[in-house]
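# Descriptive analysis of the structure
Residues per chain, in single letters:
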Amino acid sequence: MTRKKSVLVVVAHADDLEFTCGGTVARMTREFGFDVYEYILTDNARGSYRLDAEELIAVSAEEAQRAGEILGLKEVRLEGYTDGDLDQVPMHVLRGQVMAMCREVKADIVISWDPFAPDEDHPDHRAIGMATYEAASFCGNPKFHPEHAHEPYPVTEAYWIAKNPWRAEKYVDITSTIDTKIEALLAHDCQMVLTVDALRREAEVLGVNLTALLDGGEDAHRAIIAQGVRDHFSKLGAKIGVEYAELLRYQPLSMLSTMLGPEAVPPSI
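Along every chain, residues carry numbers that run from 1 in the direction the sequence is written. In keeping with the predicted nature of the model, local features appear solely for residues at pLDDT of at least 70, side-chain atom pairs appear and are counted solely at 80 or more, and the whole-chain, interface and lining totals rest on all residues. Values reported for side chains reflect all heavy atoms of the structure, with hydrogen atoms and water molecules removed beforehand.

### Some words on the pairing of strand E7 (residues 245-252)
For the record, the criterion: Three exposure classes are used, based on accessible area relative to the maximum for each residue type with a 1.4 Å probe and protein chains only: buried under 20%, partly exposed in between, and exposed over 50%. Labels follow the DSSP assignment, with helices taken as runs of H or I lasting at least four residues and strands as runs of E lasting at least two, numbered in each case from the N terminus. Note on pairing: DSSP must find at least two bridges between two strands before they are called paired.
Of all 8 residues that make up E7, 6 are buried, and the element is covered over most of its length. Relative to E7, strand E5 (residues 157-161) runs antiparallel, the two sharing 4 bridges. Counted as the bridge partner of Tyr159 is Tyr250 from E7. Bridge analysis of strand E6 (residues 170-173) against E7 gives 4 bridges, and the strand direction is antiparallel. Paired with Asp173 across the two strands is Ala245, which belongs to E7.

### Here we look at the packing of helix H1 (residues 16-30) against helix H5 (residues 178-186)
Threshold: To get an axis, fit a line to the C-alpha atoms, keeping to the stretch in contact for a helix; angles then go from 0 to 180 degrees between the N-to-C directions. Note that the term roughly parallel is reserved for angles under 35 degrees, roughly antiparallel for angles over 145, roughly perpendicular for angles of 65 to 115, and oblique for everything else. By definition, turning the near helix anticlockwise from the far helix through less than a right angle yields a left-handed crossing, and turning it clockwise yields a right-handed one. Any two residues whose heavy atoms approach within 4.5 Å are treated as being in contact.
H5 packs onto H1 with a crossing angle of 125° between their chain directions and a minimal axis gap of 8 Å. Between H1 and H5, the interaxial angle falls into the category oblique. Every pair of crossing elements has a handedness; the one defined by H1 and H5 is right-handed. Judged by residue contacts, Glu18, Phe19, Thr20, Cys21, Gly22, Gly23, Ala26 and Arg30 of H1 engage Thr180, Lys181, Ala184 and Leu185 from H5.

### Quick look at the pattern of salt bridges
Going by this rule: Whenever Lys or Arg places a side-chain nitrogen within 4 Å of a carboxyl oxygen from Asp or Glu, that contact is recorded as a salt bridge.
Under the counting rule described, the total for this entry stands at 16 salt bridges. The salt bridge partner of Asp35 is Lys4, with a shortest N-O separation of 3.5 Å. Taken together, the residues Asp35 in strand E2 (residues 35-42) and Lys4 in the segment before strand E1 (6-11) connect sequence positions 31 residues apart. The salt bridge involving Arg222 is made with Asp189; its shortest N-O contact spans 3.9 Å. One end of the pair, Arg222, is in helix H8 (residues 220-238); the other, Asp189, is in helix H6 (residues 189-206), and 33 residues separate them in sequence. The partly exposed category is assigned to Asp189, whose relative accessible area is 28%. One salt-bridge network, in which partners are shared between bridges, spans Arg50, Asp197 and Arg200.

### Looking at the packing of H1 against helix H2 (residues 53-71)
The interhelical angle for the contact between H1 and H2, taken along N-to-C directions, is 40°, at an axis separation of 9 Å. Comparing their axes, H2 and H1 come out oblique. Contacts between H1 and H2 pair Leu17, Glu18, Gly22, Ala26, Thr29 and Arg30 from the former with Ala67, Ile70 and Leu71 from the latter.

Shown next, in the form of structure tokens:
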């Protein structure tokens, strides 16, 4: 039987988890009984064409908490750095904050943006991916940040998410949790409205007629997002013969895996 583990998902924005690995996280909480924590580093202040920054920050934070409840997370913590400027925060500061969180929740597993994925255009994703990689790699070393309130704790596994997965081979069957993934994603209503607004603007610039798709009423964005998610993750599922799947890059961080081989320390999922 799989040992109960602690998982820390470190992301830049409030909907990053749900888009990329919401089905996997829902399985972790529901089927594996893992304790899953989410650490969101920015305030999402640039995540709307409609709301001003102050209102958006408050609304997005509320929606993130609601999405966390749907997924069964133990905690959703927001750090509040300015959206879009995470690369301006010194790397050692980000690394230290992520390491402190890893130690606090005794994270066996981290999930974050892949620091080596190609075609990653968002500076926030690149910054937090590398900070998490470094923090997780040295979390068990007492010489790193001895001032932390919690004892060093070795993170032993990483699952990396990406828009364009690089060397990713870990397909996770999310057929049982696709509905939960979509429900949690749609809880980020302001972010979903932003996604559809961006599609509208692109269509206008390119002269593409998307009237039938985008003019379905005030709640049209919900149906568009839900169908888009089903279409995308069904294609991944087809690759392993299931209805829906998510794709991540698995990386063992345990020295035992290096010494004894991957068979000795198998992945948790």
